[in-house]
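What follows is each chain in one-letter form.
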Amino acid sequence: MCLAIPGKIKSIISDEPLSRTARVDFGGTIREVNLVCVPEAKIGDYVLVHVGMALSTIDETEAQQVFRYLREMEDLSESRESGDEIS
Amino acid sequence: MKFLDEYRDPTAVRRYVRAIAEITTRDWTIMEICGGQTHSIVKFGLDSLLPDKITLLHGPGCPVCVTPAELIDKAIEIASRPEVIFCSFGDMMRVPGTGKDLLSVKAAGGDIRMVYSPLDAVRLARENPHRQVVFFAIGFETTAPANAMAVMQAKQSGLKNFTVLVSHVLVPPAIEAILSSPDNRVQGFLAAGHVCAVMGYTEYEPIAEQFRVPIVVTGFEPLDIIQGIYLCIKQLEEKRFEVENAYSRVVNREGNRTAQRVMGDLFRVVNRKWRGIGEIPASGLGLKEEYKEFDAELRFGVAGKKVEEATECISGLILRGMKKPPDCPAYGTKCTPEHPLGATMVSSEGTCAAYYSYRRLAPLGKSESQRQKNG
Amino acid sequence: MDKKIEPSCPIPITDYPHILLAHGGGGKLMHQLLEKIILPSFDNPALNSRHDGAVLKMGQVRIAFTTDSYVVQPLFFPGGDIGSLAINGTVNDLAMCGAGPLYLSAGFILEEGFPMETLWRVVQSMKKAAQDAGVSLVTGDTKVVDRGKGDQIFINTAGIGLIKHDLNISPASVVPGDAIILSGDIGRHGMAIMSARENIGFESAIESDCAPLHEMVLKLLEEKIKIHCLRDLTRGGLAGGLVEIAETCNCRLEIDESRIKIREEVRSACELLGLDPFYVANEGRFIAFVPEADATRSIDILRQFDNGRESTVIGGVHESDAGLVVLKTIMGVGRIVDMMSGEQLPRIC
């Protein structure tokens, strides 16, 4: 339902309470984005943006989760398989 | 693009597909709630990678599709007035009400502008003080903070010429409605990651427990979706019914508190009509009393307008996951994107339209390897 | 959910009583317009071939004849302007017939109050584009309409080119076994225009790909490549061009997503607005259908040109009961590519 994509904060152009605004770079496309909902976000952070509004700061550690899980899952399944062979 | 491309890696997707095949022992039916996820699934062809035992049903999470005809008729009435600049998201403009769509109003002389953000509509109101600027505020929880922010900015700037036509809907009541239906087939859900970015996922915990369904908070890229499916199937196989977060780079359990506060300041929970489904109690958001000066329905006197929706297509059943588009006799024959019979065929995010665009499938031919060498 | 509530749906819109912008969008509504109103009224073989231009025999020579109107806003956009577009667009339509473009006409419809200085800039841009393409602008017309009755400036150009080969370059000549060649990356023109649009706009380094294509085509012909069909990928984009050809030749066109180049900034702008780059307009890209045996040589020839350096085979033509375009996605799964119904609208929700 809700198209939202990640972009990197390049600069903060307004610090007004209702219109804290940044220039956000989406792989070479730059748009002004409202940062009111991500008060912790700073220059260099990646934020998830939906209709001109940042909704979340991307957690760079958690970004690896899907790959980490895949590796753990496969390790587990391999050790199970080799375990089967031994028994 | 960072945080996008890495989640489209076909090798990693295939590794998850293999893992899904390994753990699946029986038939399972799961639903992705969100139209954006449906779009990704058919665009990348993800469901054809899954074992036959798994059926994916596509949920009602397309705000464009579920906006009731009544409200579109109100939008059309307001947009036809000469003093109005009517602002809308692009894909809403092609959805018909009971008669016309917004594009036809534009063709007949209405001043209708497509905007990227509701905040752009506020800017238009500032730049055009002698016109009435109306924004068509549709969407789920994801869009509510931006729409709320637009009204707050308008209030702060003292704008007297900005109003919103609100059609906000909420996900948890829709999930409950689907699960409460006697002919429900859904055994597990992929929750919409971007809704959860705002709301967190505590709301889903009692639902998972009460209805004994796994709910996996899932992102939108192929790898996110395929991992969401894996985790959902794993829970089903292990007879666990929990809320699990597979989109932790964006979502945390509590959600975005600031965004929730912004929404809470402006909106209150109301009963809402869903197109093709009907009224669901406490399933939408409306403006609070203290913001009623920004309510376009009141300003333009259309609040009382009621219309009956025609009863011809099965979009209601499709939105509730009881049928798939090919089950409908009109699908692809009487009903196509040019001649839509139902909302799910109108929006490119709608299930029928997504099926129609991407799904009338033919097998791939040979000689692929021969051609590779020419490139 | 209340069981009493029956599933319901909107009343269909089958025919629009007014022209919508979508009727000019290169999609299905535009085709309906052509099929219902234009083609039956002027029914003749040259028109019915539905190519980018008409191929006509005059005495012993064959010529190509074409026309196009330019209404782009904004008038100046990154990588081009309405003037260069008006020349290159018509030059390219001739090139797609395999013709060497020679002579162009230009008709200007100007709105009262349009700045003289802007007109001068547009005309100078046309002059330069015509010189670059080696064509002469030999006749023209100007009209002025009341303020508010036009949008600054509209330009129509028509062109004549000479055909020196004896091939029948047309969608009907496409046969199973043909290779499909794409002359470069896609989506730049449409997104350059989009970036400059009010209320949607964004900052970007995207420049239009607006460029003449005839030199590449003429070189292919000179090297005796047996071209079956050519199509420049303007409105409707790559998908629109492929679907039109598939429907005419009644074949299945299979293309491979991983072989289609899209620049990062074009892709990111499309992601932001929820647009599919396959449907975005180009003004300097074409697809060529050539026998598989000629494919490698064609690529070598095209890559000698600056504007053809990224030419590549993106797929091939297969036997089929119905005209169809099938895309092999990056996941390795096949899916249908359809024509858009009208103008592609940003998919924001």
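Because the structure is predicted, anything quoted here is derived from the model rather than measured.

1. Re the overall build of chain B
Alright, step 1. What chain B contains, in helices and strands, is 17 helices and 11 strands.
Alright, step 2. Here the C-alpha radius of gyration of chain B, 21 Å, is about what a compact globule of 375 residues would show, namely 21 Å.
Alright, step 3. Taking the principal axes of the C-alpha coordinates as reference, chain B spans close to 65 × 45 × 45 Å.
Alright, step 4. Expressed as a percentage of the 375 residues in chain B, the buried residues total 67%.
Alright, step 5. Partitioning the contacts of chain B with sequence separation of at least 6, the portion at a separation of at least 24 is 78%.
Alright, step 6. For chain B, the centre of its 46 positive side-chain charges and the centre of its 44 negative side-chain charges are spaced 3 Å apart.

2. Observations concerning the overall build of chain C
Alright, step 1. If you tally the helices and strands in chain C, you get 9 helices and 15 strands.
Alright, step 2. For 349 residues, the compact-globule estimate of 2.2 N^0.38 gives 20 Å, and chain C sits close to it at 21 Å.
Alright, step 3. Counting only C-alpha atoms and orienting by the principal axes, one finds that chain C spans roughly 70 × 55 × 45 Å.
Alright, step 4. By the burial criterion, 58% of the 349 residues in chain C qualify as buried.
Alright, step 5. Sequence separation of at least 24 residues holds for 83% of the intrachain contacts in chain C that already meet a minimum separation of 6.
Alright, step 6. Surface exposure of chain C reaches about 14,300 Å², of which carbon and sulfur atoms provide 53%.
Alright, step 7. Distance between charge centroids for chain C: 2 Å, based on 33 positive and 46 negative side chains.

3. Description of the pairing of strand β4 (residues 46-50) of chain A
Residue and element names in this part refer to chain A.
Alright, step 1. When you tally the buried positions in β4, you get 5 out of 5 residues, the bulk of the element.
Alright, step 2. What you see with β4 is no split at all: Tyr46, Leu48 and His50 on one side and Val47 and Val49 on the other are buried throughout.
Alright, step 3. Both β4 and strand β5 (residues 53-57) contribute to a ladder of 4 bridges, which runs antiparallel. By the bridge assignment, histidine 50 is partnered in β5 with methionine 53.

4. Looking at a nonpolar patch on the surface
All names here are of chain C.
Alright, step 1. On the surface, Phe65, Leu102, Tyr103, Val138 and Ile160 cluster together into a nonpolar patch covering about 440 Å² of accessible area.
Alright, step 2. Mapped onto the elements, valine 138 comes out in strand β6 (residues 136-145).
Alright, step 3. Under the relative-accessibility criterion, valine 138 is labelled exposed at 51%.

5. Things to note about the sheet that holds strand β11 (residues 278-287) of chain B
Residues and elements named next belong to chain B.
Alright, step 1. Here 6 strands make up an open sheet; going across it, the order is β4-β3-β5-β6-β11-β10 and the pairing mixed. In this open sheet, the two strands that pair with only one neighbour each are β4 (111-114) and β10 (267-274). With direction set aside, neighbouring strand axes in the sheet form an average angle of 25 degrees.
Alright, step 2. Two strands pair when backbone bridges link them, and strand β3 (residues 84-88) and strand β5 (residues 132-139) are joined in this way by 4 bridges, in the parallel orientation. Residue pairing across strands places isoleucine 85 opposite valine 133, the latter belonging to β5.
Alright, step 3. Relative to β11, helix α8 (residues 171-180) is tilted by about 175 degrees, and along the sheet it contacts β6 (162-169), β10 and β11.
Alright, step 4. The sheet contacts of helix α12 (residues 257-266) involve β10 and β11, and relative to β10 the element is tilted by about 80 degrees.

6. Examining unusual backbone geometry
Alright, step 1. In this chain, glutamine 73 of chain C is followed by proline 74 of chain C through a cis amide linkage whose omega measures 0 degrees.
Alright, step 2. Note on placement: proline 74 of chain C falls in the loop between β2 (61-70) and β3 (76-77).
Alright, step 3. Look at valine 51 of chain A: it is not a glycine, yet its phi comes out positive at around 35 degrees.
Alright, step 4. You can see valine 51 of chain A is positioned in the loop between β4 and β5.
Alright, step 5. Located in the positive-phi region is alanine 282 of chain B, a residue other than glycine, with phi close to 50 degrees.

7. A closer look at helix α4 (residues 69-79) of chain B
Alright, step 1. Taking burial as the measure, the 11 residues of α4 of chain B include 10 buried ones, the bulk of the element.
Alright, step 2. When α4 of chain B is considered as a whole, its buried residues turn out to be Ala69, Glu70, Leu71, Ile72, Asp73, Lys74, Ala75, Ile76, Ile78 and Ala79 of chain B.

8. Focus on the nonpolar core
Alright, step 1. Core analysis: the biggest nonpolar cluster contains 177 residues, and Phe86, Phe136, Phe162 and Phe189 of chain B together with Met191 of chain C have the highest contact counts within it.
Alright, step 2. The element contributing the most residues to this core is helix α11 (residues 222-237) of chain B, with 9 residues.
Alright, step 3. Apart from residues no more than four positions distant in its own chain, phenylalanine 189 of chain B is found in contact with Met31, Ile33, Ile175, Ile178, Leu179, Val213, Pro214, Ile215, Val216 and Cys232 of chain B.

9. Re the packing of helix α6 (residues 214-222) of chain C against helix α9 (residues 292-302) of chain C
All names here are of chain C.
Alright, step 1. Relative orientation of the contacting elements α6 and α9 amounts to 140 degrees, with a least axis distance of 10 Å. The pairing of α6 with α9 is recorded here as oblique in orientation. Here the hand of the crossing between α6 and α9 comes out right-handed. Every residue of α9 that contacts α6 at Met216, Lys219 and Leu220 is listed here: Ser298, Ile301 and Leu302.
Alright, step 2. Partitioning the contact of α6 with α9 into residue classes produces 4 nonpolar, 1 polar and 1 charged.

10. Here we look at the confidence of the model for chain C
Atomic detail in the predicted coordinates should be set aside for any region of low pLDDT.
Residue and element names in this part refer to chain C.
Alright, step 1. When pLDDT is averaged across chain C, the result is 90; 94% of the residues are at 70 or more.
Alright, step 2. The low-confidence segment residues 1-14 (pLDDT under 50) makes 48 contacts with residues lying over four places distant or belonging to another chain.
Alright, step 3. For this predicted complex, the interface confidence reaches an ipTM of 0.90, while the overall pTM sits at 0.88.

11. Describing the domain arrangement of chain C
Residues and elements named next belong to chain C.
Alright, step 1. Split into domains, chain C comes out as domain 1 (55-163) and domain 2 (171-337).
Alright, step 2. With 20 residues of domain 1 at the interface, the matching set in domain 2 holds 21 residues.
Alright, step 3. Between domain 1 and domain 2, the buried area comes to about 1,600 Å², and carbon and sulfur atoms account for 67% of it.
Alright, step 4. When the buried surface of domain 1 facing domain 2 is broken down by residue, Pro78, Asn92 and Met96 rank first, second and third, together holding 35% of it.
Alright, step 5. On inspection of domain 1 and its partner domain 2, the count reaches 0 salt bridges.

12. Some remarks on the domain arrangement of chain B
All names here are of chain B.
Alright, step 1. Structurally, chain B comprises domain 1 (1-300 + 310-324) and domain 2 (325-359).
Alright, step 2. Here the C-alpha centre of domain 2 lies 19 Å away from the C-alpha centre of domain 1.
Alright, step 3. Counting the surface lost from both domain 1 and domain 2, the interface buries some 2,000 Å², and carbon and sulfur atoms represent 65% of this.
Alright, step 4. Of all residues in domain 1, His39, Val42 and Lys324 bury the most surface against domain 2, accounting for 26% of the area lost on that side.
Alright, step 5. Inspection of the region where domain 1 meets domain 2 yields 0 salt bridges.
Alright, step 6. In this assembly, domain 1 and domain 2 are joined by 1 residue pair in polar contact (both at pLDDT 80 or more).
Alright, step 7. No other element matches the 6 residues that helix α2 (residues 35-44) contributes to the side of domain 1 that touches domain 2.
Alright, step 8. Residues of the side of domain 1 that touches domain 2, tallied by class, amount to 10 nonpolar, 10 polar and 8 charged.

13. Notes on the pairing of β10 of chain B
All names here are of chain B.
Alright, step 1. Note that β10 and β11 share 7 bridges and pair antiparallel. Counted as the bridge partner of lysine 273 is glutamate 279 from β11.
Alright, step 2. In this structure, the hairpin formed by β10 and β11 is closed by a connection of 3 residues, where glycine 276 is found at a positive phi of approximately 80 degrees.

Thresholds applied
- Residues numbered from 1 in each chain as written.
- Chains lettered and ligands numbered in written order.
- Predicted model: local features only at pLDDT ≥ 70, side-chain atom pairs only at ≥ 80, totals over all residues.
- Heavy atoms only, no water.
- Helix = DSSP H or I, 4+ residues; strand = E, 2+ residues; numbered from the N terminus.
- Rg over C-alpha atoms; globule rule 2.2 N^0.38 Å.
- Buried < 20%, exposed > 50% of the residue type's maximum accessible area, 1.4 Å probe, protein only.
- Contact = heavy atoms within 4.5 Å.
- Lys, Arg positive; Asp, Glu negative; His and termini not counted.
- Charge placed at Lys NZ, Arg CZ, Asp CG, Glu CD.
- Areas by Shrake-Rupley, 256 points an atom, 1.4 Å probe, with all protein chains shown as cover.
- Pairing = 2+ DSSP bridges.
- Patch = residues over 30% accessible without salt bridge, like charges linked within 9 Å, V, L, I, M, F, W, Y side chains within 5 Å.
- Salt bridge = Lys/Arg side-chain N within 4 Å of Asp/Glu carboxyl O.
- Axes fitted to C-alpha atoms, helices over the stretch in contact; angles between N-to-C directions.
- Core = buried A, V, L, I, M, F, W, Y, C linked by side-chain atoms within 4.5 Å.
- Parallel < 35°, antiparallel > 145°, perpendicular 65-115°, else oblique.
- Left-handed = near helix turned anticlockwise from the far one by under 90°.
- Nonpolar A, V, L, I, M, F, W, Y, C, P; charged D, E, K, R; others polar.
- pLDDT = per-residue confidence, 0-100.
- Domains from an automatic or database assignment.
- Buried area = accessible area lost by both parts, 1.4 Å probe.
- Polar contact = N/O pair within 3.5 Å; in protein donor to acceptor, adjacent residues only side chain to side chain.

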